[in-house]
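# Examination of the molecular architecture
In case you want the letters, here they are:
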Amino acid sequence: MPTPYSNTNSSSAPLVPPNLNLPPSLASSRVERLVRERQLRRNDDQPESVQESQEQVQDHTQEQPDSSVTLDRQQRLLVVANRLPVSATRKGEDQWSLEVSAGGLVSALLGVKQFQVIWIGWPGVYVQDELGKQSLAKALEEKGFVGVLLDEETVDQYYNGYCNNVLWPLFHYIGLRQEDRLAATRSLQSQFGAYKRANRLFADAVIKHYQEGDFVWTHDYHLMVLPSYLKEHDPRMKVGWFLHTPFPSSEIYRTLPLRSELLQGVLGADLVGFHTYDYARHFVSACTRILGLEGTPEGVEDQGKITRVAAFPVGIDSERFIQAVETDAVKKHIEELSARFAGRKVMLGVDRLDPIKGIPQKLLAFEKFLEENPHWRDKVILVQIAVPTRQDVLEYQKLASQVHEIVGRINGRYGSLTTVPIHHLDRSMKFLELCALYAITDVLLVTSLRDGMNLVSYEFVACQNEKKGALVLSEFAGAAQSLGAGSILVNPWNIIETANAIGEALNMPEEEREERHRLNFMHVTTHSAQVWAETFTSELNDSILEAELRTLHIPPQLPSEKAVTKFAESKNRLMILGFNSALTAPVEAPRGRAPDQIREMKIRLHPNLKEVFNVLCSDPRTTIVILSGSERAVLDEAFGEFDMWLAAENGMFLRHTQGEWMTTMPEHLNMDWVESVQLVFDYFCERTPRSFVEARETSLVWNYKYADVEFGRVQARDMLQHLWTGPISNAAVDVVQGGRSVEVRPVGVSKGSAIDRILGEIVHSKHMVTPIDFVMCIGHFLSKDEDIYTFFEPELPCLESGNSSAKVLDKRLGSKGSGKLGGSRLKSYPPMSPDRVVRKIDDEQLIEDAGRWEGSSVLDLKGENYFSCAVGTMKRSLARYCLNSSDEVLTFLSSLAAASESFPQKRSDSFKRNRGWHSPTPRSPMVVAVDN
């Protein structure tokens, strides 16, 4: 089974979202392209293959010219990182010396030939005077760099403070010590403020140099809120973000104060990349558990926008190391080192002097090995390169002292006058010297306690084509997922296990060493840094293509001014409003914590809407219907004081606020399934903490909104399997899945199927003569109930209504209409009374009588006067428009109320007499023609 967040460099290609209706050619083009690129790279024809494959992707999306990459000119890639890969030294007032560093991202992006790469970052120097800033910017520009100049205080709080003292330890599973926690908390707010200011400066630099069509690739934990800043400026900007460290489990990450803002910042990107699948899974889990978002096979979905999350294991420039080993200088170093260590096996460790690298654990394991294997004491030597870092930090000073103490103890115990078992160097090595040391090594020891990737293991493998040494690799290094097949994996916390692994590596048969090296060497050479960069940028382009295809059906923002104008011009208006999440008061989570279940379960009308409804309801030209899935008592409590119509339980019950409730349920509605489904719901409610059951008269709902997200989904899947194979296997019911709910209701019960009966009763009750010429439908509805949006849609040539009579009439009488967009669609409105259900109208009788009512339509609706609006969602919807929240609904309805007040009219006495419920006199069915 393919896994989510697939490693795009492996044989398992990323999944195409199951809910995305892509053309078959486009859906398969990504996989085909990746396979073709891989093959052509082996034939040294890489640049042409990339261009050819991207052109083929464009051929499938010619109808979307703005969404594909334009290859007529070379694309620009803006690479944004905290530090530029350059060392800047001031030589005079307006002179700068720049030394570009090699390796890392620089070498990775050298192979991305389809892009013009522009680097944006901090040059690592503080410049106060204006002349120095201008001259530095000019010098950097000549090298293809854009400098982001930060002052010393910002760097201290942003980089040394929040990045290095908060995020970096947390991402490597290292918490603050208890005695430091209070002091850190006091300064955390100011550090986070500096972090956001620095990210804003980076955003300003990107925006200044951005050109339409550019790709923006942001890097690492220093710039986690940058993607959201860029999207705020231009939502069409193509943004990717890659993390070069581990991402911790959600249980670790949730201990971070201000945790939500960082996640939301990253989700601004179109593509989020990690070294391994584990890190990607942790990120998605954090988003679901902390932000309450939905994790999908593609990544994270937030209001209909999917941020793709995938694993992209980084590599090295393997050719650089392979070629270096063949140079005369390195061969000379190899001869010198071989002579120096003649007769002894060489073990090597190359690490930064950092707590996460596990140097003390490595030394203790080596000590244990020497203790239990006396015959190896004069036959093996461990060369440990410990590159000093952050020497001004107390923790690192203590680590250096601890390492020196262990080295001294082991050398004193097992050394002699002429030899010592450990050669420890507190310094870095030149590139050629390091290649020579890699080449003569028999066993490389990597004992990281937590490492994003650890490319030392890759470098060792690249230099070992002759000797084919063994690799002992920590399972907590990201490289373990890539090189695990050819390595000896160890838990560095288990000193005995690591000591045994050292013995296994030293005694490994030559045939096994060669086979393990072959596997590792194949991976290192095929998954180079250049391939990593190419794959990420290519996947970023594909993510944007798919996102734009996916958003074709996301409704745009409601044009409020146009809607208000049409509302003011109309003579008879109908407003159908949902309740929950559309008219309810928003409940703020206390101090950024999880939603408050007690507060949220108490559904209340937005307090500011009362005055708005008083104004709208006092206008005789406006009829308001509250159409909700809630029970009758809930609607009575919220809207009983207003002059409007209430439709409860998806329209199965209807009343005017001055009348009695009546049922609109279809005849012979079978509810025999309720008891057995209730038992199943209760069973799962007991076993899912914080879930609850809503028992309504016409439906049952199991809600797990407040339960653990992942556990709730697992329980929902189990519940659905049990329902379909048991209680409802033969029942006439629909199962409606919400975001975090499961509802069972009778077949055919939906807001759309009930609205024609509701509308017919309202028209009859009010003795409506003036045709309805304006309809506004606003709500946060389940997909099952979105047929309410299409019921009034004038611009659909033929609507699939649940009413069979309407379908027959559409087919036989559609040609008689006079609308501009096609024939009229006819709806029947039979009478109802409080004490009986709606009777079924004979289709043929409707057809026979239709001609009599054709000229007296009460619904004269043109496309420009119909506004359907989905609330609180950016998902695909049948509505024409969207509003983001109940606050935006309040603002819009307030505008309508203001427009209504500007044309004051008094209700007539006859209208006031008829505002309550009156049992209608028997009448013939009413047929409403919708003007197309």
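Residues numbered from 1 in each chain as written. Predicted model: local features only at pLDDT ≥ 70, side-chain atom pairs only at ≥ 80, totals over all residues. Heavy atoms only, no water.

Attention now moves to the overall build of the protein chain. Across its full length, the protein chain holds 32 helices and 31 strands. Counting all 932 residues of the protein chain, 55% fall into the buried class. Once local pairs closer than 6 in sequence are excluded, the contacts in the protein chain between residues at least 24 apart make up 75%. When the accessible area of the protein chain is evaluated, it comes to approximately 40700 Å², of which 49% is carbon and sulfur surface. (Helix = DSSP H or I, 4+ residues; strand = E, 2+ residues; numbered from the N terminus. Buried < 20%, exposed > 50% of the residue type's maximum accessible area, 1.4 Å probe, protein only. Contact = heavy atoms within 4.5 Å. Areas by Shrake-Rupley, 256 points an atom, 1.4 Å probe, with all protein chains shown as cover.)

So, about a negative patch on the surface. Negative charge collects at one region of the surface, where D151, E152, E153 and D156 lie side by side. Relative to the elements of secondary structure, E153 occurs in helix α5 (residues 152-171). (Patch = residues over 30% accessible without salt bridge, like charges linked within 9 Å, V, L, I, M, F, W, Y side chains within 5 Å. Salt bridge = Lys/Arg side-chain N within 4 Å of Asp/Glu carboxyl O. Lys, Arg positive; Asp, Glu negative; His and termini not counted. Charge placed at Lys NZ, Arg CZ, Asp CG, Glu CD.)

To continue, consider the packing of helix α9 (residues 259-266) against helix α10 (residues 277-290). At a minimum axis distance of 11 Å, the contact between α9 and α10 shows a crossing angle of 125 degrees. The angle between the axes of α9 and α10 places the two elements in the oblique class. Note on packing geometry: the crossing formed by α9 with α10 is left-handed. In this structure, α9 contributes R259, S260, L263 and V266 to the contact, and α10 contributes F283, A286, C287 and I290. (Axes fitted to C-alpha atoms, helices over the stretch in contact; angles between N-to-C directions. Parallel < 35°, antiparallel > 145°, perpendicular 65-115°, else oblique. Left-handed = near helix turned anticlockwise from the far one by under 90°.)

With that settled, the discussion passes to the packing of helix α12 (residues 328-340) against helix α15 (residues 431-440). Following both chains from N to C, one finds α12 and α15 inclined at 50 degrees, their axes separated by 8 Å at the closest point. If you check the angle between α12 and α15, you find them oblique. The two elements α12 and α15 meet at a crossing, and its hand is right-handed. Between α12 and α15, the residues in contact are A329, V330, H333, I334, L337 and S338 and L432, E433, C435, A436, L437, A439 and I440, respectively. In terms of residue class, the contact of α12 with α15 is made up of 10 nonpolar, 2 polar and 1 charged. (Nonpolar A, V, L, I, M, F, W, Y, C, P; charged D, E, K, R; others polar.)

Turning to the pattern of salt bridges, a few remarks are in order. When the charged atoms of two side chains with opposite charge come close together, those side chains can pair. Scanning the model with the defined rule gives 31 salt bridges in all. One salt bridge in this structure joins R516 and E512, with 3.0 Å as the shortest N-O distance. Pair noted here: R516 and E512 are both in helix α19 (residues 510-526), with a separation of 4 residues, about one helical turn. Between R745 and E743 there is a salt bridge, and its shortest N-O distance comes to 3.2 Å. Each member of the pair R745 and E743 is classed as buried. Bridged by salt links that share partners, the residues E694, R696, E743 and R745 form one connected network.

Applying the stated criterion across every chain yields a total of 35 aromatic pairs. Ring geometry for F171 versus Y253: centroids 6.4 Å apart, planes at 45 degrees, classification tilted. Of this pair, F171 sits in helix α5 while Y253 sits in helix α8 (residues 250-253), and the two are 82 residues apart along the sequence. Between F247 and F283, the aromatic rings sit 5.5 Å apart at their centres with planes inclined by 85 degrees, giving edge-to-face as the arrangement. (Phe/Tyr/Trp six-rings, centres within 6.5 Å; stacked < 30°, edge-to-face > 60°.)

Attention now moves to the sheet that holds strand β29 (residues 866-871). The 8 strands are arranged β22-β21-β20-β19-β18-β27-β29-β30 in an open sheet whose pairing can be described as mixed. At either end of the open sheet lies a strand with only one pairing partner, and these are β22 (662-663) and β30 (881-883). In the packing of helix α23 (residues 609-617) onto the sheet, contacts are made with β18 (573-577) and β19 (622-627), and the angle to β19 comes to roughly 135 degrees. Here helix α24 (residues 632-639) sits on the sheet in contact with β19, β20 (645-648) and β21 (653-656), set at roughly 155 degrees to β20. (Pairing = 2+ DSSP bridges.)

All right, on to the side chain of R344 then. The topology assignment puts R344 in the loop between α12 and β12 (345-352). As a buried residue without a salt bridge, R344 has its nearest oppositely charged side chain in D378, at a separation of 7.1 Å. Residues in contact with R344, not counting those within four places in the same chain, are R377, D378, K379, V380, I381, T419, V420, P421 and D442.

With respect to burial, strand β27 (residues 774-779) is a largely interior element, 6 of its 6 residues being buried. Of the two faces of β27, both are covered, the one formed by F774, M776 and I778 as well as the one formed by V775, C777 and G779. Sheet analysis places β27 next to β29, joined by 5 bridges and oriented parallel. Note that in β29 the partner of V775 across the bridge is Y866.

Adjacent strands of a sheet pair through backbone hydrogen bonds, lying either parallel or antiparallel. Taken together, the 6 strands give an open sheet; going across it, the order is β14-β13-β12-β15-β16-β17, and neighbouring strands pair in parallel fashion. Only two strands of the sheet have a single neighbouring strand rather than two, namely β14 (422-425) and β17 (488-490). On average, adjacent strands in this sheet sit at an angle of 15 degrees to one another, irrespective of strand direction. As paired elements, strand β16 (residues 470-474) and β17 share 3 bridges and run parallel to each other. Within β17, the residue paired with V472 across the bridge is I488. Across the sheet, helix α18 (residues 495-506) is in contact with β12, β13 (380-387), β15 (443-446), β16 and β17; its angle to β17 comes to roughly 170 degrees.

Examined bridge by bridge, strand β23 (residues 692-695) and strand β24 (residues 700-703) share 4 bridges and lie antiparallel to one another. Within β24, the residue paired with E694 across the bridge is V701. Between β23 and β24, which pair antiparallel and follow one another directly, the connecting turn spans 4 residues.

So, on to the nonpolar core. Core analysis: the largest hydrophobic core is formed by 74 residues, its most contacted members being L583, F613, I626, F639, F792, F892 and L893. Ranked by residue count, the leading element in this core is helix α31 (residues 886-901), at 7 residues. Listed in part, the 70 residues of the second largest apolar core include L271, F341, V456 and F460. (Core = buried A, V, L, I, M, F, W, Y, C linked by side-chain atoms within 4.5 Å.)

Once that is clear, we can look at helix α27 (residues 751-765). One full turn of an α-helix is made of 3.6 residues, so residues set three or four places apart face in the same direction. Helix length check: α27 (15 residues) gives 20 Å between terminal C-alpha atoms against 21 Å at 1.5 Å per residue, within 8%. Two residues or fewer after α27 comes H767, characterised by a positive phi angle close to 50 degrees. (Expected span 1.5 Å × (residues − 1).)

For the protein chain, per-residue confidence averages 80 on the pLDDT scale, and residues scoring 70 or more make up 78% of the total. Within the model, pLDDT remains below 50 along residues 1-28, and this stretch shows 61 contacts once partners closer than five positions in the same chain are excluded. Across residues 45-72, where pLDDT falls below 50, the model places 48 contacts with residues more than four positions away in sequence or in other chains. (pLDDT = per-residue confidence, 0-100.)

Turning to its location among the elements, T657 is positioned in the loop between β21 and β22. When the C-alpha positions of T657 and F642 are compared, they lie 6.9 Å apart, and in sequence the two are 15 residues distant. If sequence neighbours within four positions are ignored, T657 has contacts with F639, G640, F642, D643, M644 and L646. A distance of 2.5 Å separates a polar atom in the side chain of T657 from the backbone oxygen of F642. (Polar contact = N/O pair within 3.5 Å; in protein donor to acceptor, adjacent residues only side chain to side chain.)

Turning our attention to α10. In this model α10 runs 20 Å from its N-terminal to its C-terminal C-alpha over 14 residues, within 8% of the 20 Å that 1.5 Å per residue would give. A large share of α10 lies buried, amounting to 10 of its 14 residues. At the C-terminal side of α10, G292 shows a positive phi close to 75 degrees.

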